[in-house]
Amino acid sequence: MDRFKLPSFGKASITHSAPDMSNVDFATHQLLVGNCPNNSYALANVAAVSPNDFPDNIYVMVDNLFVFTTKHSKELPPGTIGLNGNQRTWGGWSLNQEIQARAFELFKYSGKHSYIGTMDVEISFRTRGKAVSTPFDQDELAQHFLKLFESQIFSPTQYLIFEFKGFIFDINIRNIQMIDLGDVDASSPSVTGIEAKGILTKQTQLNFFKGKDGLVNLKSSNSLRPRSDAVIRSDFKFEDLGVGGLDKEFTKIFRRAFASRIFPPAVIEKLGITHVKGLLLYGPPGTGKTLIARKIGTMLNAREPKIVNGPEILSKYVGSSEENIRNLFKDAETEYRAKGDESSLHIIIFDELDSVFKQRGSRGDGTGVGDNVVNQLLAKMDGVDQLNNILVIGMTNRKDLIDSALLRPGRFEVQVEIHLPDEKGRLQIFEIQTKKMRENNMMDKDVNLAELAALTKNFSGAEIEGLVKSASSFAINKTVNIGKGATKLNTKDIAALKVTREDFLNSLNEVTPAFGISEEDLKSCVDNGIIKFSERIEAILKHGDRYVRQIRESEKTRLVSLLIHGPAGSGKTALAAAIALKSEFPFIRLISPNDLVGMSENAKVAYIDNTFRDAYKSPLNILVIDSIETLVDWVPIGPRFSNNILQILKVVLKRKPPQDRRLLIMTTTSSYAVLQQMDILGCFDNEIAVPNMSTLDEFNNVMIDTNFLDDAKRVQVINQLSQIAPKINCGIRKVLTNLETAKHDEDPVNEIVDLMATSS
């Protein structure tokens, strides 16, 4: 083939000498794998062949995937192909293994995109014992590489041996960018798959990166070259972490913590900035913070991160806890002193950060160990001896407990909240968790993952994983025949095992979200349903729905706090619970005096504060605070109440949730005058009065709704009551209790008349 002169690429024109493939037999040959005849073949990255098998200097494809350039050797017998160790490792061949080889024409395989515009390679010392700290210039490495291997075909994942100035290196091709003969300047994405193949030219841009051992010290006079120790693998995708629903969070993590570390150092120096040293991931349990910590090593191109569980730092020996902190940074300090900004990145991951690095002075244990540990970490992250080659990643469920000095710029300055996943995120998590199930045809066709994502409001990633396990257990249970004797497995059922939609729906009754709806508590408040005995009850429910719509739809309203007041037993809690359940918000909680029985004052304060903090973790939230006067321990004798509980309630009732969260608070009380004395009424945006039952018509409506007696006897009840108690004043709860009691009497008519007359 003639010598090509290609269009302009940069300032130079591309020239290339392609092998002459005319008159070449493209038949397939069966050959045995042998070793290279000598080192010159090994270092040239060619396939040694006998003149009887292939012409000299042509491309051959081995096993329909791997391409080499041939070079004749009289030392090899016919029927043998000589490959060096790296080539055999790349192809997975053993000596004397039979392979298939045929002549290969790249232009028919790749079309116009047959040349390599840019190629990223990893370089490592072939023998670790011969590693040196001498810096190697990337531009000189690239010139020598192009001189040795010009016109050869390269593919991503390829291994080869490379000699430079007496040193032997292993080279691994990361990715290649293909260019079009007719439009060389057109940009195209880099390719990482082995199926991509391109010809190396003198104008190919080579980028060298440190191999996994990180021993090759690289330098470059070209300020636009990417970092040789880029921390992110070029073929990495965040989906590879196996964590769904966190696209926005991952984008922010990459932009703040890693983008500057893969940019050319000279550009960062011109900007006059330093790299971020601390990244804090916080949010509800089970949302993937620790999973990210476990998987983050897969996205790195360098050494494995040091992962430390917070409590592991602490020691009973004096000074050992602080020394444990210093030891975590020792490797980074040593390398930074030796290599400066050319040092590779050292990542330290702290799980359960709040368990160790609490606010100084808050422990009260008298030892001061906790404070010293915090001081030591502060000094190491941003002290006098600053390091620019560290990234400390912390995980916590309670950001509010961490010492404030750790959260300022220079320490954990990037703080990313890992939210509960939305519906789209839950679908991603379901797809990840059921991937093997679907690939192995173990999931029934009636399972709709989108439906499951819609049904699992406020489920965390860990809870969705638990849901999938629970559904699998229901499916497995169908194949297990448990009798009086030994447990037997039906092999036919095992072969036909599939996880069905019914299994997933059953698991929804078994696995409930920690930040979901307190459905059992709320339904217990409306056991008898809502009896609309009066137009006033209908109006109260409409008002409640209006506030629910305001929270759901308004762009300006983040918090609405309602006070529902009325006589004891008038149905305040039932109405609040009914409004909350009808809203179908993902997070609904009931704070009831029943939950706080037996708690100390401090424990009650912490419980109320934690419940409100939980309500800020979901987009739409409702809190029902029942009998607020009982919560503050108010008693009429004295009078006496808990000022600490009152103060925390005053704070949280007015505290707005974060910008993208909405909260509706419905508080009930039977002692309106008491709240007025406590000066807490100003904490509520509006009030709803719930009256007692006051007319016989309303009482008759309740009897009809509860099917109490027949029409004639109900008329008899009303006639008798009209003479004894024409006006009644009784709460709905007492009325329902009276009706239930009268039902079991021998004379229900006279019994209900007597009960209602007494109650009024």
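Residues numbered from 1 in each chain as written. Predicted model: local features only at pLDDT ≥ 70, side-chain atom pairs only at ≥ 80, totals over all residues. Heavy atoms only, no water.

What the rule picks out here adds up to 21 aromatic pairs. Among the aromatic side chains, those forming a connected cluster through ring pairs are F125, F136, F145, F149, F154, F162, F164, F167, F169 and F208. One cation-aromatic arrangement involves R174 over F209; the distance from NZ or CZ to the ring centre is 4.2 Å. (Phe/Tyr/Trp six-rings, centres within 6.5 Å; stacked < 30°, edge-to-face > 60°. Lys NZ or Arg CZ within 6 Å of the ring centre and 35° of its normal.)

Here we take up the packing of helix α10 (residues 423-433) against helix α13 (residues 461-477). The N-to-C vectors of α10 and α13 enclose an angle of 45°; their axes lie 10 Å apart at closest approach. Taken as axis vectors, α10 and α13 run oblique relative to one another. Crossing of α10 against α13: the hand is right-handed. Across the interface between the two elements, R426, I429, F430 and Q433 from α10 touch G461, I464, E465, L467 and V468 from α13. (Axes fitted to C-alpha atoms, helices over the stretch in contact; angles between N-to-C directions. Helix = DSSP H or I, 4+ residues; strand = E, 2+ residues; numbered from the N terminus. Parallel < 35°, antiparallel > 145°, perpendicular 65-115°, else oblique. Left-handed = near helix turned anticlockwise from the far one by under 90°. Contact = heavy atoms within 4.5 Å.)

In this section: the sheet that holds strand β18 (residues 306-309). Pairing in this open sheet of five strands is parallel, and the strands run β18-β19-β20-β17-β21 from one edge to the other. The outermost strands of the open sheet, each flanked by one partner alone, are β18 and β21 (414-417). Mean inter-strand twist for the sheet, computed between neighbouring axes without regard to direction, equals 15°. (Pairing = 2+ DSSP bridges.)

Moving on, we get to the sheet that holds strand β7 (residues 80-82). Taken in spatial order, the six strands of this closed barrel run β3-β7-β4-β6-β5-β8, and their pairing is mixed. Sheet twist, expressed as the mean angle between neighbouring strand axes with direction ignored, is 45°. As paired elements, strand β4 (residues 47-49) and β7 share two bridges and run antiparallel to each other. Bridge pairing in β7 links V49 to I81.

The grouping of D745, E746, D747 and D754 at the surface amounts to a negative patch. Taking the relative accessible area as the measure of exposure, E746 reaches 85% and is therefore exposed. (Patch = residues over 30% accessible without salt bridge, like charges linked within 9 Å, V, L, I, M, F, W, Y side chains within 5 Å. Areas by Shrake-Rupley, 256 points an atom, 1.4 Å probe, with all protein chains shown as cover. Salt bridge = Lys/Arg side-chain N within 4 Å of Asp/Glu carboxyl O. Lys, Arg positive; Asp, Glu negative; His and termini not counted. Charge placed at Lys NZ, Arg CZ, Asp CG, Glu CD. Buried < 20%, exposed > 50% of the residue type's maximum accessible area, 1.4 Å probe, protein only.)

If you walk through the whole model with that rule in mind, you get 22 salt bridges. In this structure, K582 engages D545 in a salt bridge whose closest nitrogen and oxygen atoms are separated by 3.0 Å. In this pair, K582 is assigned in helix α18 (residues 572-583) and D545 in helix α17 (residues 535-553), connecting sequence segments 37 residues apart. For R655, the salt bridge identified is with D609, shortest N-O distance 3.4 Å. Of this pair, R655 sits in the loop between α22 (643-654) and β27 (662-669) while D609 sits in helix α20 (residues 601-615), placing them 46 residues apart in sequence. Judged by its relative accessible area of 24%, R655 is partly exposed.

Once that is clear, we can look at α10. For α10, the complete set of buried residues consists of G425, R426, I429 and F430. In an axial view of α10, the angular spread of the buried residues amounts to 140°, which keeps them on one side of the axis. Contacts from the buried residues of α10 go to α12 (449-455) and α13. (Arc of directions from axis to C-beta.)

The buried count for strand β26 (residues 620-625) comes to six of six residues, which makes it a mostly enclosed element. Going residue by residue along β26, you find L620, I622 and V624 tucked away on one face and N621, L623 and I625 tucked away on the opposite face as well. Where strand β25 (residues 587-591) lies against β26, five bridges are found, and the strand directions are parallel. By the bridge assignment for β26, L590 is matched with V624.

Another point: the nonpolar core. By size, the foremost hydrophobic cluster in this structure holds 50 residues, and its most contacted members are I622, L664, M666, F699, V702 and I752. The biggest single contributor to this core is α18, with seven residues. Those residues in contact with L664 that sit more than four places away from it in its chain are Y547, V548, I551, V560, L562, N621, I622 and L623. (Core = buried A, V, L, I, M, F, W, Y, C linked by side-chain atoms within 4.5 Å.)

The next point concerns a positive patch on the surface. The grouping of K457, R546, R549 and R552 at the surface amounts to a positive patch. Inspection of the secondary structure assignment puts R552 in helix α17. Under the relative-accessibility criterion, R552 is labelled partly exposed at 39%.

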